[in-house]
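# Architecture at a glance
Chain by chain, the residues:
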Amino acid sequence: MCRRSSLTPIVVAMLVGVVAAARPASADDVASYLERYGLTQLLAVHLEQLVESANGEERRELIVRLSGLYAELLESVDDPVARKTLEERGRRLLRSAPSGSADTLELALLRATYRAVERAAENHRLALASAEDVENAKTMLAELIPDLHRLRRRLTDRAETNSRRLSRASGTEATLLAEETERGHALAAQATFLAAWSLYYQSWLHERGDNAQAAQRLFIDLLDFGHDTPVPENVSVDLRGTEAIARCILGMALCKSLTASTATAMSWLTLLEHDAAYAPVRTQVPAWRLVVRLEADEFEEAADELSRLRDAGTPPPVHWLRLVAVAALEAQDRSRRAAELARTTVTELATRGELQQVFDLAHRYGTSSLGADGFALLYVNGILEYHAARATHDGDEPTRRSDVVAMYEDAIAFFTRALDASDAAAYPEARPDCRRLTGWARYFQGEFLEARTAFLATAEATSGAAAAEALWMAIICLDQLVDDDRGGEALRAELTDLTNRFLREFPASEHTPKLLLRRAMADENASPSVAAELLAVPSNSSVYEAARKRAAQILYQLFRDARGSERTVFGEQYLEAAVELLGEPGTASDLPVSERRRFLARARRVLEVTLADGVERLGLARRVFGRLADLRAADEALFAGLDDELAYRRVQERLLSGDTPAATSEADALYDRAAASIWTRLASRGLYRAAHATWRGGGPAAREARGRVIKYGQRVIDEYTDATATGFLGYATAVADARMASWQDTKSLRDADAALELYDRLLTVRPGTASFLRATAILAAALGEEPRAVECWRRLVAGLPQESDGWYEAKYELIVVLSSTDPERAAAVIGQHRDLHPEYGPAPWGARLKALDDRLRRDTGSDTRGGTGE
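Given the structure is predicted, the values throughout are model-derived calculations rather than measurements. (Residues numbered from 1 in each chain as written. Predicted model: local features only at pLDDT ≥ 70, side-chain atom pairs only at ≥ 80, totals over all residues. Heavy atoms only, no water.)

### Looking at the overall build of the protein
When helices and strands are tallied, the protein shows 40 helices and zero strands. When burial is assessed residue by residue, the protein has 48% of its 870 residues classed as buried. In the structure as shown, the protein presents an accessible area of about 41,700 Å², 49% of it carried by carbon and sulfur atoms. (Helix = DSSP H or I, 4+ residues; strand = E, 2+ residues; numbered from the N terminus. Buried < 20%, exposed > 50% of the residue type's maximum accessible area, 1.4 Å probe, protein only. Areas by Shrake-Rupley, 256 points an atom, 1.4 Å probe, with all protein chains shown as cover.)

Quick look at the structure:
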């Protein structure tokens, strides 16, 4: 079927504010900045703000732009919560948009609704959807299909209108109309595609064929047969490799399954088995063949389809087996072959260890269809009995009710028989679970000694959380026996040993805050869920502070490992935990020396996070700087070796505060005393990035920022000894461009020399890059290195597309340089050019080349004909 984590709206809005505050500019500048750096979500929020205050044509243009942006985001977002929020924002915009101005967004929203329907329908096919889900899908389809038809007609009408206008248009208008017509037809085709599939699902969910007939007509339109009664062979092999065509063929097959015969449906599916067919659809064809067979109650043939897959060495995936099992179980009362197929597929699921699937099917269809022999089926019966007992028990403490005790005994009997079954060895993962549930049943019966035995057996046969739970319950059972004074010293000693073992082997148990903390301390893998559990430890717990310390450690590691929006989220969560641990202002200097060191380490991490991109908690950073100053006054020796790091943090804070002079002063002082320090290098990079963004953004501050690009970029470049090293190319290009721009403004030979040297290094890495050759030619000519300039211009003439703007420039500049060093050669080159291009070229180069030709003829007394050109 057609299927396709994000910043929260609050964080996005905050970041828009940060961008605007960090770089005061017009609305267009901010939009351009966000678009240039691919900050799509921020751009959407920014445009939303502009729409609120705009009027007339400006507002309409903003809505059109924003609707396209929403459509793009809807296609890319994966997080369900973010998608729902985005859909709500899109619908609000759609309600306020002028008619026809947001077609792309409307289609994207309808596609989102279709995907929800498709998901519910396919879950229904697997018996994974509730009755409410199915009814909701039917209701959604009843609204979706008319909306798609309306949109499709509107898009088609507009495209046809534009097509008629196109036949009478010319020039730019014709180009724009052609693009709009093509776009309209494409959107109409997408709407048709969604309408066709929606009609199919409506027909299938309602178990009637009328809408499937309508869906077929739409699929036929999309396949463009030119008539209403196509045959599968009419679809060319090449077209089957296109996703849309492949899915239309699949749609035809499924519709034919409802309206025609199995053979007809299969003939369409056969088209998709060709090697040239779109691969993601082709690999699913066996599943759809099963669907067609099962819908026709052809259970023998469905079994054959499964056999062919196994014989080919490709066992059917679990969800295919469930598909068959569901259909067979639904039909078992009316078909002996269906009942046999149900048992076969359920057994295969159990054999693969998919006992949750088996349990779910048994829960839905009863255990009578699963038989009474074999480990898997006995195990399922035991689970059902156990859950029935739990429902009747309705409590978490042992019971004295005889009827409930008997129900638990029935469950235990099934588990015991399952463990004794001849095929039990085939289920190495399920056997311990049998013992575990036996332990729980005995516990709820109040048979603690037997329960302890079952739980210990489970702990020995499992690992990780399962072993921890089993061992914990064994401890609970022994504790009950000891409390009741039913075990004597032997059980007390065993309880002590098990408790020590648990603390040694499973410091990550969730049963008590203390054991939860121990688990977190032992877990090397930083996990958001573990951090969340630790932060949830109540403040009145004896391990509250220790739990928050470990949570802070985990979140800090997650922050350092993450990228993008996740990094921001983890950073904020880390600060929530860590700031509390810093204590009240003024307390750091009162701490013992060992605690002071921990405080200092934590404060350094807090500074790192507060000043990170996306977090930027400047107020908190300043407070931490103040706390560190107080601590330093009390214990200077504690800060040995940290001056560079703290200086870099101050550079970050000043940059984020907009105080560039202070940031540069701090960075320069750091550079003067420790040029090789990693913190110095980070400071140079930070100042370079900020300056580069300002310079490229233009505006009054751009010229000054260009100087900082040169200064700090050069410091970064100086770290590189190998021009091919990662990162060199970007820094060197930017600094070379900045130096050249500075030379063009000031005519400083120092800038020209430095820029030329950088372009030389760049050309060793990218010898054919046109921008590097052009800059080198210009600078070489300015510095009196005409032969070199000639060589670069000649290479550009030879390498650029002929008669392109760059080519004319290179030809012109080549002749200009030659005219100062070799007038006769220049005259020959211009003569050849005129012979090949009597009009010299397009503006402005034609006029320039002609003027140059006239001057050369005057200077050389020649008509500049003949000779060898460049």
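### Observations regarding the packing of aromatic side chains
Applying the stated criterion across every chain yields a total of 21 aromatic pairs. Where Y408 meets F444, the ring centres are 5.6 Å apart and the plane angle is 20 degrees; that geometry is what we call stacked. With Y408 in helix α19 (residues 402-420) and F444 in helix α20 (residues 430-445), this pair connects stretches of sequence that are 36 residues apart. Pair check on accessibility: Y408 and F444 agree, each one buried. With 5.9 Å between their ring centres and 35 degrees between their planes, Y648 and W679 make a pair best called tilted. Placement of Y648 in helix α30 (residues 643-656) and of W679 in helix α32 (residues 678-697) is noted, with a sequence separation of 31 residues between them. Of the residues examined, W679 reaches a relative accessible area of 22% and is grouped as partly exposed. (Phe/Tyr/Trp six-rings, centres within 6.5 Å; stacked < 30°, edge-to-face > 60°.)

### Topic: the pattern of salt bridges
Within this structure, the stated rule accounts for 59 salt bridges. The closest approach of N and O atoms between R308 and E305, which form a salt bridge, is 3.1 Å. Pair noted here: R308 and E305 are both in helix α14 (residues 299-311), with a separation of three residues, about one helical turn. Of the residues examined, R308 reaches a relative accessible area of 46% and is grouped as partly exposed. R708 serves as the salt-bridge partner of E704, at 3.8 Å between the closest nitrogen and oxygen. Of this pair, E704 and R708 both sit in helix α33 (residues 702-717), four residues apart, which is roughly one turn of the helix. Residue classification places E704 among the exposed positions, given a relative accessible area of 58%. One connected set of salt bridges, linked through shared partners, spans E273, R289, R293, E298, E305 and R308. (Salt bridge = Lys/Arg side-chain N within 4 Å of Asp/Glu carboxyl O.)

### Digging into unusual backbone geometry
That bond from A843 to P844 is cis: its omega, 0 degrees, falls within 30 degrees of zero. For A127, which is not glycine, the phi dihedral falls at a positive 60 degrees. As for its placement among the helices and strands, A127 is situated in the loop between α6 (103-125) and α7 (131-168). Residue A127 is classed as buried on the basis of its relative accessible area of 10%. Positive phi is not limited to glycine here, since D394 has a value of about 55 degrees. Tracing the backbone through its elements, the reader meets D394 in the loop between α18 (375-393) and α19.

### Describing the nonpolar core
The nonpolar side chains of a soluble globular protein tend to be buried with one another. The biggest cluster of nonpolar side chains holds 88 residues, and the ones touching the most others in it are W197, W268 and L341. Excluding its chain neighbours within four sequence positions, the residues that come into contact with L341 are L294, F299, A302, A303, L306, V324 and A328. One finds W743, F772, L796 and L814 within the second-largest nonpolar core, a separate group that totals 66 residues. (Core = buried A, V, L, I, M, F, W, Y, C linked by side-chain atoms within 4.5 Å. Contact = heavy atoms within 4.5 Å.)

### Side note on the confidence of the model for the protein
Mean pLDDT over the protein works out to 84, with 83% of the residues at or above the 70 mark. Predicted confidence is poor over residues 1-27, with pLDDT under 50, and the contacts of this stretch with residues over four places away or in other chains come to 54 contacts. (pLDDT = per-residue confidence, 0-100.)

### Quick word on the packing of helix α37 (residues 786-799) against helix α38 (residues 805-821)
Where α37 contacts α38, the two axes come as close as 9 Å, and the packing angle between them is 155 degrees. In terms of orientation, α37 lies roughly antiparallel with respect to α38. The interaxial crossing formed by α37 with α38 has left-handed handedness. Residue-level inspection shows E786, A789, V790, W793, R794, L796 and V797 of α37 in contact with α38, the latter providing W807, E809, A810, K811, E813, L814, V817, L818, S820 and T821. Split by residue class, the contact of α37 with α38 holds 10 nonpolar, two polar and five charged. (Axes fitted to C-alpha atoms, helices over the stretch in contact; angles between N-to-C directions. Parallel < 35°, antiparallel > 145°, perpendicular 65-115°, else oblique. Left-handed = near helix turned anticlockwise from the far one by under 90°. Nonpolar A, V, L, I, M, F, W, Y, C, P; charged D, E, K, R; others polar.)

### Re helix α36 (residues 770-782)
Counted at 1.5 Å a residue, the expected span for α36 with its 13 residues is 18 Å, and the 18 Å between its end C-alpha atoms agrees. Among all positions of α36, only F772, L773, A775, T776, A777, I778, L779 and A780 are buried. Buried residues belonging to α36 abut α34 (728-746), α35 (749-765) and α37. Phi turns positive, to about 80 degrees, at G784, one or two residues after α36. (Expected span 1.5 Å × (residues − 1).)

### Remarks on helix α40 (residues 845-860)
Compared with the 22 Å implied by 1.5 Å per residue over 16 residues, the 22 Å span of α40 between its first and last C-alpha is a close match. Those residues of α40 that fall on the buried side of the exposure criterion are W845, G846, L849, L852, D853 and L856. Mapping the buried residues of α40 onto a view down its axis gives an arc of 130 degrees, with all of them on the same face. With respect to the buried face of α40, the exposed residues turned more than 90 degrees away are A847 and R858. Those residues of α40 hidden inside the fold are in contact with α38 and α39 (823-836). (Arc of directions from axis to C-beta.)

### Looking at the side chain of T610
With respect to the helices and strands, the residue T610 is situated in helix α28 (residues 593-610). Judged by its relative accessible area of 0%, T610 is buried. The contact partners of T610, leaving out residues within four places of it in the chain, are L575, V615, E616, R617, L620 and A621.

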